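Given next are the chains, with one letter for each unit.
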Amino acid sequence: MNRTALELKRVSFAYDGNPVPVLDNADLAVNYGEVTLLSGYSGSGKSTVLSLFCGIIPNVAQGTLSGVVKVDGKDIAGMPMSVLSRKVGVVLQNAENQIIQDKVEDEIAFGCENLAKSPEDTAAAIDNACRALKLDKTWSTKTLSGGQKQRLITAATLAMGQKIMILDEPLANLDKAGTRLLMGALRSLAKSGYAVLVVEHRLDMVLDYVDRVFAIDGGKINEISDTDSYLRAQAASISDDHEAGAVLGDVVFALREVGRRLSGRDILKSVSFDIRRGERVLLLGENGCGKTTLMRLIARLIRPSSGRIDQYLGKGFGSGRAGRKWFGKVGVVYQNPNYQLFMPTVRKEIAFGAKDPATAEKIAEKFELTDIMDRHPQSLSEGQKRRVSVAAVLATQPEVLILDEPTVGQDYRNLKKLVSNINAWHRESGGTLICVTHDLRCAAALCDKAVLIKDGVAAETGGRELTERYFGIGENPERE
């Protein structure tokens, strides 16, 4: 029988200022030699559990805590975080908030040096971690894609060598290859005696890699006995509720040999394709291929280094800097919602750019946000933040909606609701949707035209069949 690495015994916890407990007499046991999945709805308390095990609660986040939290068989009450950090390696949700160095090599070395590893051991750990997660140690961290940043913070944690690994939404921005790479690496670690606890909503991608599954609901944590049925029920592809053969309008964006160079590296070389009014365009490609850069170029947040993007959204929109009038027509949801949530409450966030208060209230109801309208946006879970950012942009009633990984952090029920709301906006407004997602469950449901970005160019353009072929929809991932 495997030894227990992480344990909750009758744990209850409520954050300061919120009388409703997130955990209520909860029990959980995570063993060495296993990959354990903790699942549940967005905002159900999964990140709270992880914060308890790594000492963020109660040392940083304050609240009322009762019960026993054990790490490696020891009660951690009063244990300094510096001691816990030697036992538990943690990969949190937001990769950008954890990267502090300019080079990949230095970022991975940082944790090793803090654990006083020798220069020789640190160098070996860097090489092994880069090899395992396919990173180049000479890369600049500023030029990495969201998925590459996710792999980097995981590599930095792997290099530190703690025998207990905690990962919060590690697949958030990873493509299919990166996901299999990471889950295969975690599986190998577990086989060698590590304890791995993963919080993840993309259950279809972890299906074949976990040993035990727990679900958190209503403050309780229960083990799922029939894991196959449970996971597959939340991994089915979401159907598209659009009518086939919709009539499209004129070209609104014409990309001609668009290139973008950053820090001596060609992110994009020569991208050419058209986007028509009313079209739903899905950008496909591996992490680091330039999808986010391309979306930022289309949104006029940055300028191309070469080539041009002609837009036909009306008069007054030249090639100069985009202003308020432009962003009244073009709504952008960033990959990291923290960059665009700035108001003191969810209510004010959604109302900020809304055409009128009634529109803001209607949007909030559609996204099931009415219960958190008076919360500060930055106090929400990552999944809730994502829904608020999409709702706030939709409330502006844009003509063009640009979404960079909008489904991250969504449980299956909220994922279906999110896709339905996006498609309802598209259907009712006749607007243009440009989207990036690595979530194969919903990709085809957001797509009329797919553009595959590879080697700096639009390597292939097609319909939904290209999306299905790219994601291998219908294939079963094999355990590595």
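Keep in mind that what you see is a predicted model, and the values were worked out from it rather than measured.

Peer 1: I'd like a description of empty space enclosed by the protein, backed by residues and values.
Peer 2: The full count for this structure, using the stated rule, is one cavity of 30 Å³ or more. As a volume, the largest cavity reaches approximately 80 Å³. Ala172, Arg202, Thr407, Val408 and Asp439 are the residues nearest the centre of the largest cavity, which is lined by 14 residues in total. Class assignment of the residues belonging to the lining of the largest cavity gives a composition of two nonpolar, six polar and six charged.

Peer 1: Describe the sheet that holds strand S1 (residues 4-15), naming the residues involved and giving the relevant values.
Peer 2: Pairing in this open sheet of four strands is antiparallel, and the strands run S2-S1-S4-S5 from one edge to the other. What marks the edges here is a single partner per strand, and that holds for strand S2 (23-31) and strand S5 (74-75). Inspection of the sheet shows strand S4 (residues 63-71) paired to S5 by two bridges, in the antiparallel sense. Along S5, the bridge assignment pairs lysine 70 with aspartate 75.

Peer 1: Any chance you could break down the packing of helix H4 (residues 104-114) against helix H6 (residues 146-160) for me, citing the residues and the numbers?
Peer 2: How two helices sit against one another is set out by the angle between their axes and by the gap between those axes. Two elements in contact, H4 and H6, have axes whose closest approach is 8 Å; the angle formed by their N-to-C orientations is 40°. The way H4 lies across H6 gives a crossing that is right-handed. Contact residues: H4 offers Val104, Glu107, Ile108, Gly111 and Cys112, while H6 offers Leu152, Ala155, Ala156, Ala159 and Met160. Class assignment of the residues belonging to the contact of H4 with H6 gives a composition of eight nonpolar, one polar and one charged.

Peer 1: Quick rundown of the packing of aromatic side chains? Include the residues and the values.
Peer 2: Per the stated rule, a full pass over the model turns up three aromatic pairs. Between phenylalanine 13 and tyrosine 15, the aromatic rings sit 4.8 Å apart at their centres with planes inclined by 85°, giving edge-to-face as the arrangement. Ring centres of tyrosine 470 and phenylalanine 471 lie 5.2 Å apart, and the angle between their planes is 85°; on these two criteria the pair is classed as edge-to-face. A relative accessible area of 4% places phenylalanine 471 in the buried class. The ring of tyrosine 41 carries the charged tip of arginine 413 above its face, separated from the ring centre by 5.2 Å.

Peer 1: Any chance you could break down unusual backbone geometry for me, citing the residues and the numbers?
Peer 2: Apart from glycine, the bulk of residues carry a negative phi angle, and the bulk of peptide bonds sit in the trans form. Of the consecutive residues isoleucine 57 and proline 58, the connecting peptide bond is found in the cis state with omega at 5°. As for its placement among the helices and strands, proline 58 is situated in helix H2 (residues 56-59). Phi is positive for glutamate 169, close to 55°, though the residue is something other than glycine. Within the secondary structure, glutamate 169 sits in the loop between strand S7 (164-168) and helix H7 (176-191). For glutamate 169, a relative accessible area of 4% corresponds to the buried category. One non-glycine residue, glutamate 257, lies in the positive phi region at around 50°.

Peer 1: Describe in detail the pattern of salt bridges, supporting the description with residues and values.
Peer 2: Applying the stated rule across the entire model yields 25 salt bridges. Linking glutamate 279 and lysine 449 is a salt bridge whose minimum nitrogen-to-oxygen distance equals 3.5 Å. Residue glutamate 279 is found in the loop between strand S12 (265-276) and strand S13 (280-284), and its partner lysine 449 is found in strand S18 (residues 449-454); the two are separated by 170 residues along the sequence. Comparing glutamate 279 with lysine 449, the two get one shared label, buried.

Peer 1: I'd like a rundown of the layout of surface pockets, residues and numbers included.
Peer 2: In this structure, the second largest pocket spans a volume of roughly 880 Å³. Taken together, 46 residues line the second largest pocket, and the ones lying closest to its centre are Glu96, Gly146, Lys149, Thr292 and Gln335. Contributions of two or more residues to the lining of the second largest pocket are made by H6, strand S11 (251-262), S12, helix H10 (291-298), strand S15 (330-333), helix H14 (382-394) and strand S16 (400-404). Here the lining of the second largest pocket is composed, by residue class, of 18 nonpolar, 16 polar and 12 charged.

Peer 1: Describe in detail the environment of glutamine 378, supporting the description with residues and values.
Peer 2: Relative to the helices and strands, glutamine 378 resides in the loop between helix H13 (357-366) and H14. Classification of glutamine 378 by relative accessible area gives partly exposed; the value is 33%. Spatially, the C-alpha atom of glutamine 378 lies 31 Å from that of valine 210, the residues being 168 residues apart in sequence.

Peer 1: Mind laying out the pairing of strand S17 (residues 432-436), listing which residues take part and the relevant values?
Peer 2: The buried fraction of S17 amounts to five of the five residues, a majority that puts the element mostly inside the structure. Residue alternation in S17 divides its side chains into two sets, Thr432, Ile434 and Val436 and Leu433 and Cys435, and both sets are buried. Alignment of S13 against S17, held across three bridges, turns out to be parallel. When the bridges of S17 are listed, valine 281 appears paired with isoleucine 434. By the bridge criterion, five bridges tie S16 to S17 in an arrangement that is parallel. When the sheet's bridge partners are listed, aspartate 404 is paired in S17 with valine 436. Considered for its hand, the β-α-β crossover made up of S16, helix H15 (residues 412-429) and S17 is right-handed.

Conventions adopted
Throughout, residues of each chain are indexed from 1 in the direction in which the sequence is written. Reporting of local features is limited, given that this is a predicted model, to residues whose pLDDT is at least 70; pairs of side-chain atoms are given and counted only at 80 or more, and all residues count toward the totals for whole chains, interfaces and linings. To get the side-chain values, take all heavy atoms of the structure and skip hydrogens and water. Both site types are read off a 1 Å grid over the protein atoms alone. A 1.4 Å probe that fits but cannot get out defines a cavity, while an open set with protein on both sides within 12 Å along at least five of seven lines defines a pocket; lining residues have an atom within 4 Å of a point. Grid points are joined across faces, edges and corners, and a volume is the space filled by probe spheres set on the points. When residue character is reported, Ala, Val, Leu, Ile, Met, Phe, Trp, Tyr, Cys and Pro are called nonpolar, Asp, Glu, Lys and Arg charged, and the others, Gly included, polar. DSSP calls a pair of strands paired once it identifies at least 2 bridges connecting them. Only DSSP runs of H or I with at least four residues qualify as helices, and only runs of E with at least two residues qualify as strands; both kinds are numbered from the N terminus onward. Only the contacting stretch of a helix is used when fitting its axis, a line to C-alpha atoms as for every element, and angles between N-to-C directions run 0 to 180 degrees. What makes a crossing left-handed is the near helix being turned counterclockwise from the far one by less than a right angle; a clockwise turn instead makes it right-handed. Contact criterion: two residues are considered in contact whenever any of their non-hydrogen atoms come within 4.5 Å of each other. Put simply, two rings from Phe, Tyr or Trp (the six-membered ring, in Trp's case) pair if the centres are within 6.5 Å, and we call them stacked under 30 degrees between planes, edge-to-face over 60, tilted for the rest. Summary of the burial criterion: residues with accessible area below 20% of their type's maximum are buried, those above 50% are exposed, and those between are partly exposed, where the area comes from a 1.4 Å probe applied to protein chains only. Only when the NZ atom of a Lys or the CZ atom of an Arg is both within 6 Å of the ring centre and within 35 degrees of the ring normal do we say a charge sits over the ring. Any carboxyl oxygen of Asp or Glu that lies within 4 Å of a side-chain nitrogen of Lys or Arg is treated as forming a salt bridge with it. Orienting the strands away from the viewer, one traces the path from the first strand over the helix to the second; a clockwise path indicates a right-handed crossover.

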